[in-house]
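Notes for the structure review
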Amino acid sequence: MNSKASRFLRPEAALVKHPIGVFDSGVGGLSILKALRAELPHENFVYVADSGFAPYGERDEGFVLERSRVITRHLLTQQHLAIKALVIACNTATAAAIHLLRQEHPDLSIIGVEPALKPAIVLSQTRHIGVMATRGTLNSQKFKTLLASLADQAQFICQPCDGLADAIERHDTGKIIGLCGQYTRAMGQFGAMAGDIDTLVLGCTHYPFASTCLQALVGPNVRLVDNGQPVARQTRRMLPSLSSHCAPGQCLLLSTGDPATLHIAARRWLGLEVPVKCLLI
Ligand code: DGL
């Protein structure tokens, strides 16, 4: 294990003041953190990867809700963290928990992420839209309500992608290629002709990290859509206050699992070279 990556969190180690809290089941939420840092370069962030309890997507809703509660309480009550807003950088946890977290913490701005069906409708010419997401997201009442509200505007082909977030979490390239191939084949024909799927929604925050593989499988004319930028813009709108600093914001990275996984992913995908602290919650 990388020696830099393995340190337990101590208050004096956390010099990140008034951060925005961000959490996901694992490394997937880094795709949202990347967009947040671009949109809000002077803000500080504390990112929790709940890798010790990942993946969320094939667990029951009660489990995901409880983990979301534990993480939120931790980010709010630890004096040295004291977040000013919370971004649930996980479609599965948003579907399972956002309504209850908002009830339980009415003074906290909480921003969630859901599969980008509405932006996909705007982009699609063929009105055939693929949706890749976890089983938990697709089975949730929140997603079913969203889908029903848009059903007359396009045909949505929804594909549960068991194991894909886990393969991305482990950076298992062979498995990522195999599962992406299996799931895109199952969805039908991709392309620009009438009846083809011309837009593919990446409805899990892990999947943008497989976008090169997915784009190669579906062809260059198919648009891949995720929610990173819209979530970042929404966070800016909902922030109670903007940082008054001109210096670049800082990131504190915490993991309930193997810190090396988050450390390597943050370096690989965000060019972020910061030590990861272990979080025992
Ligand atoms: N990244 C998460 C999402 O957006 C969950 C992946 C998982 O843990 O299954 O749904």
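Structure report, in brief.

What counts, and where the lines are drawn
- Residues numbered from 1 in each chain as written.
- Predicted model: local features only at pLDDT ≥ 70, side-chain atom pairs only at ≥ 80, totals over all residues.
- Heavy atoms only, no water.
- Near = heavy atom within 4 Å.
- Polar contact = N/O pair within 3.5 Å; in protein donor to acceptor, adjacent residues only side chain to side chain.
- Areas by Shrake-Rupley, 256 points an atom, 1.4 Å probe, with all protein chains shown as cover.
- 1 Å grid on protein atoms, 1.4 Å probe; cavity = no way out; pocket = protein on both sides within 12 Å on 5 of 7 lines; lining within 4 Å.
- Sits in = over half its atoms within 2 Å of the grid points.
- Nonpolar A, V, L, I, M, F, W, Y, C, P; charged D, E, K, R; others polar.
- Helix = DSSP H or I, 4+ residues; strand = E, 2+ residues; numbered from the N terminus.
- Expected span 1.5 Å × (residues − 1).
- Buried < 20%, exposed > 50% of the residue type's maximum accessible area, 1.4 Å probe, protein only.
- Contact = heavy atoms within 4.5 Å.
- Pairing = 2+ DSSP bridges.
- Axes fitted to C-alpha atoms, helices over the stretch in contact; angles between N-to-C directions.
- Right-handed = clockwise from strand over helix to strand, strands pointing away.
- Phe/Tyr/Trp six-rings, centres within 6.5 Å; stacked < 30°, edge-to-face > 60°.
- Lys NZ or Arg CZ within 6 Å of the ring centre and 35° of its normal.

A closer look at the site of the ligand
Ser25, Tyr56, Gly57, Thr92 and His206 are the nearest of the 13 residues found near the ligand. Taking Ser25, its side chain carries an N or O atom lying 2.6 Å from an oxygen atom of the ligand. Thr92 is positioned such that a nitrogen or oxygen atom in its side chain is 2.6 Å from an oxygen atom of the ligand. Considering the ligand on its own, with 300 Å² of exposed area, one finds that the protein chains cover 99% of that surface. More than half of the atoms of the ligand fall within 2 Å of the grid points belonging to the largest cavity. When grouped by side-chain class, the residues that make up the shell around the ligand number five nonpolar, seven polar and one charged.

Remarks on helix H8 (residues 173-187)
Helix length check: H8, at 15 residues, gives a terminal C-alpha distance of 21 Å against a target of 21 Å (1.5 Å per residue), a fit within 8%. Within H8 the residues assigned to the buried category are Ile176, Leu179, Cys180, Gly181, Tyr183, Thr184 and Met187. Close packing links the buried residues of H8 with strand S6 (128-133), strand S7 (155-160), helix H7 (164-169), strand S8 (199-202) and helix H9 (211-218). Taken from the residues just after H8, Gly188 is the one with a positive phi, measuring 120°.

Description of unusual backbone geometry
That bond from Ala54 to Pro55 is cis: its omega, -5°, falls within 30 degrees of zero. Structurally, Pro55 can be placed in the loop between strand S3 (45-49) and helix H2 (61-77). You will see that Arg127, though not glycine, has its phi angle at about 60°, which is positive. Mapped onto the elements of the fold, Arg127 is located in the loop between helix H4 (117-123) and S6. Unlike most non-glycine residues, His171 shows phi in positive territory, near 55°. Summarising the element assignment, His171 is placed in the loop between H7 and H8.

Some points on the sheet that holds S7
What the four strands build is an open sheet, ordered S7-S6-S8-S9; its pairing is parallel. Bordering the open sheet on either side are S7 and strand S9 (223-225), each of which pairs with just one other strand. The average angle at which neighbouring strand axes cross in this sheet is 20°, direction not considered. Each of S6, S7 and S8 touches H8; the most contacted strand, S7, lies at about 150° to it.

A few points about the pairing of S3
Of all five residues in S3, five are buried; the element is thus mostly enclosed. Neither face of S3 is open: one carries Phe45, Tyr47 and Ala49, the other Val46 and Val48, and all of them are buried. Bridge count for strand S2 (residues 20-24) against S3 is five bridges, and the pairing is parallel. Along S3, the bridge assignment pairs Asp24 with Ala49. Crossover handedness for the path S2 to helix H1 (residues 30-39) to S3: right-handed. Here five bridges tie S3 to strand S10 (residues 251-255), and the two strands are oriented parallel to one another. Pairing of Val46 across the sheet is with Leu252, part of S10.

Digging into the pairing of S8
Here S8 shows two buried faces, one formed by Thr199 and Val201 and the other by Leu200 and Leu202. Sheet topology places S6 next to S8; four bridges connect them, and they run parallel. Considered in S8, the bridge of Val131 is made with Val201. As paired strands, S8 and S9 are joined by three bridges and run parallel to one another. Across the sheet, Val201 pairs through a bridge with Val225, a residue of S9.

Brief notes about the packing of aromatic side chains
In this structure the tally under the stated criterion is two aromatic pairs. Between Phe209 and Trp269, the aromatic rings sit 3.6 Å apart at their centres with planes inclined by 10°, giving stacked as the arrangement. Of this pair, Phe209 sits in the loop between S8 and H9 while Trp269 sits in helix H11 (residues 259-270), and the two are 60 residues apart along the sequence. When its relative accessible area of 14% is taken as the criterion, Trp269 is described as buried. A cation over a ring is seen here: Arg268 above Trp269, with NZ or CZ 5.6 Å from the ring centre.

In short, the description is geometric, and any link to function would need to be established separately.
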